[in-house]
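Each chain is listed here by its residues.
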Amino acid sequence: MFHNRKPREQIFPAEPPGTGKRGMDRMRDGILMEIQETVERYADIISKVASVDVEVVDRRLFRVAGTGVFRDHVNEDMSDAGYAYSRVLRTGKRQIVYEPGKDPVCSRCPQRDSCVEEIEIAMPVRLGSEIIGVIGLVGSSKSQKQMILEKETLYLDLLEQISGFIAGKAAEVEETKSRLALLGALDRAINHIDQGVLLTGKDGIVAMANDYAKRRLKSEDPVGKQAVIRPTGDMMNHRKEYRLALENKELQVLGEVCPLAEPTRQYDSVFLFEDTRDVQKKYYEMTATVRALRVDNIIGSSPVMRRLKEDIARIAGSSSTVLITGESGTGKEMVAAAIWDLSGRKKKRFVAINCAAIPEALLESELFGYVKGAFTGADPNGRMGKFELADKGTIFLDEIGDMPLYLQAKLLRVLQERTIIRIGSNQVIPIDVRVIAATNKDLKEMIREKKFREDLYYRLNVIPLRIPPLRERKGDIEELTDYFAGHYAGLLGKQVHRITEGARQRLAACPWRGNVRELENAVEFMVNMMGEDGILDESTLPGDLWEETEEEKGAASCGDGQTEDVPEREDEIVPLKELERREIEKAVEICGATTEGKKAAAARLGISVATLYRKLEQFSQTETRTDFSK
């Protein structure tokens with residue numbers, strides 16, 4: 001039985017449980033080795049009761065325990081000799097070899113002709129439906145064989161009972177391992193969820209905390225410390241609001257306290273929570289539509305736009321309130337986003353809200369939020385307001401002139417006290433928000449009409465910024481046109497090769513009452529109407545671009561100059577050259593003698609700028625009454 005035995009560590013190198021080619025089966029291969037001490041005790045019991053030698057092998061045919069002649073050969077591989085054991089492992093049935101060496105099961109054994117054994121009983125050890133090992137009872141003398149034969153049934157019952165005991169211990173170990181594996185998996189899962197988990201006792205002492213809780217509480221090991229969990233009375237996003245305190249750290253969180261079914265002093269309840277700031281971040285990421293814009297990306301190189309960009313760079317680092325004024329379509333939100341992008345709050349949130357686009361009844365709840373049951377028709381789960389969402393960041397209040405008076409009073413209090421109270425709540429929430437407001441209305445006139453609070457105006461107008469209308473920076477029209485043409489050509493899968501001079505002149509002459517937004521729409525129309533030649537000419541211009549009222553003709557769109565034509569006598573004939581001179585002089589007086597004015601005048605006259613300059617030079621040589629050559 002000892003032929004070619006090798007130490008187990010030489011046959012099977014150690015490997016972590018659950019790994020290797022057979023996974024979980026591999027774990028059961030060596031499970032008897034894990035309870036080797038217990039197996040050895042049972043082997044000794046059988047040996048003393050039966051007065052014979054006993055050995056126990058696992059299903060890899062490694063000897064786990066042995067008595068008598070087998071004691072010094074424990075942990076050895078006996079796969080080259082354990083033929084009866086191999087049959088038990090294969091068939092699952094017990095084997096009794098009455099004539100060792102002569103029995104057919106021994107036919108391949110190299111020791112069959114010199115076998116010293118007289119009798120052998122092999123009993124399987126079952127764990128569930130699997131055979132995990134074999135108990136071998138060996139009689140080496142005729143007297144032992146006779147004793148076994150006389151009490152065969154007793155010995156078989158004893159072996160079967162001991163087999164059950166060993167299997168029971170193995171099952172217990174396996175269950176413990178499974179439970180530990182499950183706890184390990186749960187622990188990993190709990191540490192990877194984006195939510196805090198605190199297991200506390202009846203006195204609030206923390207028994208377990210996951211990684212999220214440790215990070216938010218800034219504590220490497222909260223276990224053993226007392227957590228104070230106080231509800232605020234508010235409920236939002238399906239969860240109650242709490243103030244969670246541990247040592248010197250306090251958090252405002254949304255969560256739920258879950259009592260355990262069978263609490264003890266050490267394990268009483270589980271507190272699942274999420275930091276309110278993380279809830280704000282998720283909500284912001286789902287709803288934010290603002291694209292960060294660098295000040296260098298604001299298009300325009302006219303003097304007024306260069307000054308505006310310089311002002312943006314100067315005020316960005318401040319936390320003072322900014323009031324942006326300008327006509328509709330001038331790009332007030334773009335300027336606000338550029339201020340945020342240059343500020344120290346860039347890594348925080350930029351929350352924009354249009355006060356004119358939200359019904360008056362809903363504006364307050366949008367700004368300050370509300371809790372569960374705040375008013376009829378409200379979301380039953382409550383909602384965070386834009387000010388709370390913008391905490392540590394920047395809030396942009398567009399069209400502030402459309403805010404109702406009663407809300408202006410609340411906004412003033414927020415600016416003064418830097419706190420908010422959600423609708424339906426009594427919890428005061430501190431905030432750190434930079435406010436940028438914008439309007440296209442004359443707030444001073446609204447103050448005189450009692451439509452806007454004067455005290456709020458001065459709170460907002462700490463840093464005023466005025467965005468000039470497009471008609472005051474006509475030098476930027478060409479640059480804007482090129483940008484929008486390229487942008488929409490890319491979106492529409494087209495390619496713009498050229499914009500004709502005539503088209504540029506007519507675009508430059510337009511009053512652009514809708515400012516940059518109107519110009520952008522016009523260029524988008526032109527790209528849509530462009531032919532396959534990739535040329536934007538006058539035929540692609542919107543048809544209503546030049547429709548002007550009688551009041552607009554001859555004055556406001558080009559300049560402040562006014563001319564009055566003196567009626568000609570019916571019988572007087574004016575030479576064509578004089579008529580040409582009069583109309584050119586009239587156009588320049590109306591549109592202005594600046595470079596931009598001359599471009600506009602040429603467009604109105606339907607001639608090129610070069611032709612206009614040539615005509616003006618001719619007139620200057622004949623002593624015109626106005627110097628147009630400047």
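So, a few notes on the structure that sits alongside this text.

Procedures and definitions
Throughout this description, residue numbers start from 1 for each chain and increase along the sequence as written. For this predicted model, a pLDDT threshold of at least 70 governs which residues receive local features, and a threshold of 80 or more governs which side-chain atom pairs are given and counted, while totals over whole chains, interfaces and linings are taken from all residues. Just so you know, side-chain values use all the structure's heavy atoms and leave hydrogens and water out. Secondary structure is summarised from DSSP: a helix means a run of H or I of at least four residues, a strand means a run of E of at least two, and numbering begins at the N terminus for each. When DSSP finds two or more bridges between a pair of strands, those strands are recorded as paired. A fitted line through C-alpha atoms serves as each axis, taken over the contacting stretch for helices, and the angle formed by two N-to-C directions is quoted from 0 to 180°. Exposure above 30% relative accessible area and no salt bridge define the residues that can form patches, which grow by joining like charges within 9 Å and nonpolar side chains of Val, Leu, Ile, Met, Phe, Trp and Tyr within 5 Å. Accessible surface is estimated by sampling points in the Shrake-Rupley manner with a 1.4 Å probe; for residues, cover comes only from the protein chains shown. Should a side-chain nitrogen of Lys or Arg be within 4 Å of a carboxyl oxygen of Asp or Glu, the pair is scored as a salt bridge. Burial status follows relative accessibility: with a 1.4 Å probe on protein chains alone, a residue under 20% of its type maximum counts as buried, one over 50% as exposed, and anything between as partly exposed. Starting at the helix axis, one direction is taken to each C-beta atom, and the arc is that of these directions. Working rule for contacts: check all heavy atoms of both residues, and any pair within 4.5 Å makes them a contact. Small angles under 35 degrees read as roughly parallel and large ones over 145 as roughly antiparallel, with 65 to 115 read as roughly perpendicular and the rest as oblique. Handedness of a crossing is defined here by the sense of rotation of the near helix relative to the far one, left-handed for an anticlockwise turn of less than a right angle and right-handed for a clockwise turn. Three classes are used: nonpolar for Ala, Val, Leu, Ile, Met, Phe, Trp, Tyr, Cys and Pro, charged for Asp, Glu, Lys and Arg, and polar for all others, with Gly counted as polar. For this analysis, a nonpolar core means a set of buried residues of the types Ala, Val, Leu, Ile, Met, Phe, Trp, Tyr and Cys, connected via side-chain atoms within 4.5 Å.

So, on to the environment of Glu37. Within the secondary structure, Glu37 sits in helix α4 (residues 36-50). A sequence separation of 27 residues divides Glu37 from Val64, and the C-alpha atoms of the two residues are 9.1 Å apart.

Here we take up the sheet that holds strand β10 (residues 227-236). Here we have six strands laid out as an open sheet, ordered β9-β8-β13-β12-β11-β10, and antiparallel in their pairing. One side of each edge strand has no neighbouring strand; the edge strands of this open sheet are β9 (206-209) and β10. The sheet shows a mean angle of 35 degrees between the axes of neighbouring strands, taken without regard to direction. For strand β8 (residues 196-200) and strand β13 (residues 269-275), the ladder comprises five bridges, and the chain directions are antiparallel. The partner of Val197 across the bridge, within β13, is Leu272.

With that settled, consider a nonpolar patch on the surface. There is a patch of nonpolar side chains on the surface, built from Leu180, Leu182, Leu183 and Leu186 and spanning about 400 Å² of accessible area. Mapped onto the fold, Leu186 is located in helix α7 (residues 152-192). With a relative accessible area of 42%, Leu186 lands in the partly exposed category.

We now examine the sheet that holds strand β22 (residues 463-466). Each strand in a sheet pairs with its neighbour through backbone hydrogen bonds, running either in the same direction (parallel) or in the opposite one (antiparallel). Strand order across the open sheet formed by five strands is β15-β18-β21-β14-β22, with parallel pairing between neighbours. Lying at the two open borders of the sheet, with one neighbouring strand each, are β15 (350-354) and β22. Each neighbouring strand pair of the sheet contributes to a mean axis angle of 20 degrees, computed without reference to strand direction. Taken together, the four bridges between strand β18 (residues 394-398) and strand β21 (residues 434-439) define a ladder with parallel strand orientation. By the bridge assignment for β21, Phe396 is matched with Ile436.

Buried residues of helix α6 (residues 142-150): Gln144, Lys145 and Ile148, and no others. Along the long axis of α6, the arc covered by the buried residues comes to 100 degrees, so they all point the same way. Facing away from the buried side of α6 by more than 90 degrees, the exposed set consists of Lys142, Ser143 and Glu150. Against β6 (119-127), β7 (130-139) and α7 lie the buried residues of α6.

What follows covers unusual backbone geometry. Excluding glycine, most residues fall at negative phi; most peptide bonds, likewise, are trans. Within the chain, Leu61 stands out as a residue other than glycine whose phi angle is a positive 70 degrees. Tracing the backbone through its elements, the reader meets Leu61 in the loop between β2 (53-58) and β3 (63-66). In the Ramachandran plot, Glu247 falls in the positive-phi region, its phi being about 55 degrees despite a non-glycine side chain. Topologically, Glu247 is positioned in the loop between β11 (239-246) and β12 (249-259). With relative accessibility at 57%, the residue Glu247 sits in the exposed group.

Interaxial distance between helix α17 (residues 477-492) and helix α19 (residues 515-529) falls to 9 Å at its minimum, and their mutual angle equals 50 degrees. Classified by the interaxial angle, the pair formed by α17 and α19 is oblique. Remark: the crossing between α17 and α19 carries right-handed chirality. In contact with Ile477, Leu480, Thr481, Phe484, Ala485, Tyr488, Ala489 and Leu492 of α17, α19 contributes Val516, Leu519, Glu520, Val523, Glu524, Val527 and Asn528. Within the contact of α17 with α19, the residues separate by chemical class into 11 nonpolar, two polar and two charged.

Another point: the environment of Tyr242. Looking at where Tyr242 falls in the secondary structure, it is placed in strand β11. With 12 residues separating them in the primary sequence, Tyr242 and Leu254 have C-alpha atoms 6.1 Å apart.

Among the nonpolar cores identified, the biggest contains 33 residues, and Leu367, Phe387, Leu397, Ile400 and Phe452 are the most heavily contacted of them. Looking at this core, the elements that each hand over two or more residues are β15, α12 (360-368), α13 (386-389), β18, α14 (405-417), β21, α15 (443-448) and α16 (454-460). The dominant element in this core, judged by the number of residues it contributes, is α14, at five residues. Excluding residues within four positions of it along the chain, Phe387 makes contact with Leu367, Phe368, Ile395, Leu397, Leu411, Val414, Ile420, Ile431, Val433 and Val435. Membership of the second largest hydrophobic core comes to 32 residues, among which are Val39, Ala65, Ile162 and Ile166.

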